[in-house]
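Listed below are the residues making up each chain.
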Amino acid sequence: DMTNQAQPYGSYGYPASMQPAYPQGPTSHTDSSPAHDPYGPPPSYQQFSQVRPGVCETDVFSSPIHLFCIFLQMTKLLIIFYLPLNLWASPFPNMSQLSAALGGLSGVPELEVEALRPVNLLQERNLLPPRPLEAPEPNLSPDLKKVNCSPQTFRCTLTSIPQTQALLNKARLPLGLLLHPFRDLQQLPVITSNTIVRCRSCRTYINPFVTFLDQRRWKCNLCYRVNDVPDEFMYNPVTRSYGEPHKRPEVQNATVEFIASSDYMLRPPQPSVYLFVLDVSHNAVEAGYLKYFCESLLDNLDKLPGDTRTRVGFLTFDSTIHFYNLQEGLSQPQMLVVSDIDDVFIPSHDSLMVNLKESAELVKDLLTSLPAMFSQTRETHSALGPALQAAFKLMSPTGGRVTVFQTQLPTLGAGMLKSREDPNQRSSTKHLGPATDFYKKLALDCSGQQIGVDLFLLSSQYADLASLACMSKYSAGSIFYYPSFHHTHNPTQLEKFQKDLERYLTRKIGFEAVMRIRCTKGLSIHTFHGNFFVRSTDLLSLANVNPDSAFAVQMSIEDSLADSSLACFQAALLYTSNKGKRRIRVHTLCLPVVNQLSDVYAGADVQAITCLLANMAIDRSITSGLSDARDALVNAVVDLVSSYKSNVSNLQQSGLVVPASMRLFPLYILALLKQKALRTGTSTRLDERVFAMCEFKTQPLQQLMQMVHPDLYRLDNMSDQGALHLNDTVVPQPHLLHLAADRLSRDGAFLMDCGNVSFFCIVVSHIPELETLLSERVRAFLDWLQDNRAFSSTIHVVKDDASAQATFFQHLVEDRSESASSYSEFLQNVQLQK
Amino acid sequence: MAFTFAAFCYMLALLLTAALIFFAIWHIIAFDELKTDYKNPIDQCNTLNPVSDPTPHLTHTSSPLLVLPEYLIHFFFCVMFFCAAEWLTLCLNTPLLAYHVWRYMSRPVMSSPGLYDPTTIMNADILAYCQKEGWCKLAFYLLSFFYYLYGYVFILMSCTRIYTGYVHHLVHVQFVMMGEIFSKMKMAWLH
């Protein structure tokens, strides 16, 4: 896919071309993958939901430049302390002029009027759109809309950015970005050029939203500096014409990829290096994952992303650590056992990580014999910590990816853990944070050496994922969890494990990556969510980057954005591709700035807001407890309703009125409160809760929304009306149903799509199997859904099986469950608090 | 002039507070460096937290330690004031003492002593909190510096007759102390 890039254009010596970007797997994988949350940022959530204006102005104390400044700042400090609050509550135009605003603006697009239509939630019950909700379109000129970044890659919670922090506070909605920067794309312009054109002061990459003052100068859209257009940029390689800098691919596409020169390297690009760290203790052998792992790796050995330099290594551990010498020329793999786990050393330096091409036979040998090697083991202990230390030592010269398979609580050596879960205390939801900082420190060391650690936890018992997850959280890895995994007793988990593993081994990977997010002057980054290490205020260090993890960013408005009508965000991801090329993927998003509260509401993106709030709630539940996080979520709804009522809607309606753009907000929040990560009650095991939290932090928006609020369809009466015609197949598009039991009926067949987690198909009576047209439609629809995701889902058929039914009914979030209220009760609760 | 134990305590507190002021300034500068992207959070946290790492795999280097010494110094002269039965001074210091205890109890999970976690320190709220904390402490230490100075003089004076020439001595002491603080601040800044 990447080899056919860019034919050179003779005279200028730099090529640029459009090419399909990494089509991986059968189709357009949008995707997802589990992962994590940092464990400490305490009051981040407060900013919008509870703190009154004034308290959140934290940033007064900045940059002392010299001694004077210190005293200057001190006086500032005192002033801040003594200034009355009304300074912050300064009068803003009273927003209760919706009708005036609407009447006055003849050019208000219809969409916006519809988005602002007041919806009384107590009366309107059919809120769901017929098809899954699309991202709202920012209110931009058609030209800008056309080139703007895809909402699947880059999405903002407010598609109209409020001008000031005060206006944002008034709106009571969080401002933030949801990013899926390394998504598998169908098409991506890749640009090879000698000079990558960037702003000289803020280093922004040139993008479609800059303005060309004339042929030779362009004005940066983030810092407004005027820059020169380099000579080279005057030539357009696509049209092969000269003097049209504004037609260059960089300026025509909001998502581009540059091939970077050596200026962007700190060292020569590393090869793809993969180390597999396998648990072979008795528990692991019992669970029986090893055989399936080896099979899967054998099948996909040729598909591992990489080139001729690709290196692999294996390391197994129980109470000792076993290394495998796979040096080319040996007749069979040699096992080297290190039993001193207190001071791990590497028995041989050059023969443990070997070139995959050269030692392919030995690797295959090892993978075939490995499952049998430990089948008789009686060793129950697990020295995960020392094994990770060994892995760190093995990998630190190159960097790369470490994949850890663990099946129990680590019981030996550094990083050993004790069981913290007490089944009777599950409702107290303590121990959401790590028990030790061993794994975090290790992850930070790994991150420093460009090593990403991915964790597969296949445990039937409590394994303290809260502590173990740190190894992936801070090294930008992914986390996979298979509760009660057993190769024969739990075939569903096995199937999921195999499918995930296949995707995991073959998906694209970027090494030694960093991502910087720049935004228009006046905006600043408040908090990041996801798996990474934050190296500076706007820079994330990602040892590995994979196409299934996403990031969320909370923003704050530091200075008024009044002098510009557009706000832009640019995410630039610099990474080493598996072919050893340094590449920069740049995404730019442009949004309008507004000064009316009604416009802010009109542009609110309810799904993005829900996802950002979910991330904030996870942080909050780790720092100040689950109940606090849940309250904050309910408050978010209460605040929105009261703010909308007092500021925008001048209709003296009783009941719960929200703008139409936010009509699903209470429903989504209720659904969030019923998620494993945030629900109360004793039915959720600690590891499952922690894993759900990890997923919230790293799943891309579409997957997360499907997890939170699954799509429910009725299958038996699907028609071809509005169907998609793809190639030769007709894919019917059934309507979405509300997630309530009264939408189900005895004689129907229903499909619930919970994203990557699973499918549930409920057949209350019987599915008419003989009716070929219908089954064809169902199959076409299922295939289409399956094709649109990265990790294929397993299909559960729910008939009479009680446990499957229980899980199915758990997802009907509008109904009352044992510990949580129904949708109407929730609305009443909100109305009472208002 | 009788030189009582209380007077000694005040004098000691005076000197130690000068050191604390120095620490507070160091903190402020350190967080400013983080904010303006001069330093990597891991390095900076290693500087601020006392580093005594027993785990061999870590490549961190040890460097000056700031948090615990500051708390210990403050605790030390609080104990001194307690012994000297200077109740008012002790009362004025208790809130900070309590704050220090609370702050240390609610620190992130860490195997080594210290307060700051490189993975959370870049969070805007935490960074702002730490900066604000630095400024507040600086203000507190500066005020208490002058309070100790007057406490010291007051004790000396209450034990002896007031000499007219004593005013000169007072002014002199004050200037010497101020000079000392300024030179320390300057050093901190240059550093």
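Scoring rules and cut-offs
Residues numbered from 1 in each chain as written. Chains lettered and ligands numbered in written order. Predicted model: local features only at pLDDT ≥ 70, side-chain atom pairs only at ≥ 80, totals over all residues. Heavy atoms only, no water. Helix = DSSP H or I, 4+ residues; strand = E, 2+ residues; numbered from the N terminus. Buried < 20%, exposed > 50% of the residue type's maximum accessible area, 1.4 Å probe, protein only. UniProt positions renumbered as here; feature names shortened; annotations may be inferred. Pairing = 2+ DSSP bridges. Axes fitted to C-alpha atoms, helices over the stretch in contact; angles between N-to-C directions. Parallel < 35°, antiparallel > 145°, perpendicular 65-115°, else oblique. Left-handed = near helix turned anticlockwise from the far one by under 90°. Contact = heavy atoms within 4.5 Å. Nonpolar A, V, L, I, M, F, W, Y, C, P; charged D, E, K, R; others polar.

J.: Got a minute to help me understand unusual backbone geometry in this structure?
T.: Of all residues except glycine, most have a negative phi; of all peptide bonds, most are trans. All names here are of chain A. Phi is positive for Arg172, close to 60 degrees, though the residue is something other than glycine. One can find Arg172 in the loop between helix H6 (165-171) and strand E5 (176-179). Judged by relative accessible area, which is 13%, Arg172 ranks as buried. For Asp464, which is not glycine, the phi torsion reads 55 degrees and is therefore positive. For Asp464, the position within the fold is in the loop between strand E19 (451-457) and helix H13 (465-468).

J.: What is the right way to look at the UniProt feature "domain: Sec23/Sec24 beta-sandwich" (unreviewed entry) in chain A in this model?
T.: As recorded in UniProt, the sites labelled "domain: Sec23/Sec24 beta-sandwich" (unreviewed entry) are residues 510-594 of chain A. Each end of residues 510-594 of chain A is marked by a C-alpha atom, and these two atoms are 38 Å apart; helix forms 0% of the span and strand 69%.

J.: I would appreciate a short explanation of the sheet that holds strand E8 (residues 217-219) of chain A in the present structure.
T.: Paired through their backbone hydrogen bonds, the strands of a sheet run either parallel or antiparallel. Residue and element names in this part refer to chain A. Pairing is antiparallel across the open sheet formed by three strands, whose spatial order is E7-E8-E9. Every other strand in the sheet has two partners, leaving strand E7 (211-214) and strand E9 (226-228) as the edge strands with one partner each. The average undirected angle you get between the axes of adjacent strands in this sheet is 35 degrees. Pairing between E7 and E8: three bridges, direction antiparallel. From the neighbouring strand, Thr211 faces E8, where its bridge partner is Lys219.

J.: Explain the packing of helix H18 (residues 626-647) of chain A against helix H24 (residues 823-833) of chain A to me, please; I cannot follow it from the model alone.
T.: All names here are of chain A. Their axes nearest at 9 Å, the elements H18 and H24 cross at an angle of 60 degrees. Judged by the angle between their axes, H18 and H24 are oblique. Every pair of crossing elements has a handedness; the one defined by H18 and H24 is right-handed. Along the contact surface, H18 presents Val634, Asn635, Val637, Val638 and Val641, while H24 presents Phe826, Val830 and Gln833. Considering only residue class, the contact of H18 with H24 consists of six nonpolar, two polar and no charged.

J.: I keep staring at the pairing of strand E15 (residues 321-325) of chain A and nothing clicks. Help me out?
T.: The side chains of a regular strand alternate, first on one face of the sheet and then on the other. Residues and elements named next belong to chain A. Summarising burial for E15: five of the five residues are buried, a large majority. Where burial is concerned, the two faces of E15 agree: the one with Ile321, Phe323 and Asn325 and the one with His322 and Tyr324 are both buried. With three bridges connecting them, strand E14 (residues 311-317) and E15 associate as antiparallel partners. The residue of E15 that forms the bridge with Phe317 is Ile321. Taking the residues that link successive antiparallel strands as the turn, the E14-E15 hairpin has three residues. Taken together, the five bridges between E15 and strand E16 (residues 334-338) define a ladder with antiparallel strand orientation. Opposite Phe323, over in E16, you have Leu336 as the bridge partner.

J.: Explain the pairing of strand E25 (residues 551-557) of chain A here, please?
T.: Residue and element names in this part refer to chain A. In terms of burial, E25 is a largely internal element, seven of the seven residues being buried. Here E25 shows two buried faces, one formed by Phe551, Val553, Met555 and Ile557 and the other by Ala552, Gln554 and Ser556. Judged from the four bridges that link them, E5 and E25 form a sheet pairing that is antiparallel. Of the residues in E25, the one forming a bridge with Leu178 is Ala552.

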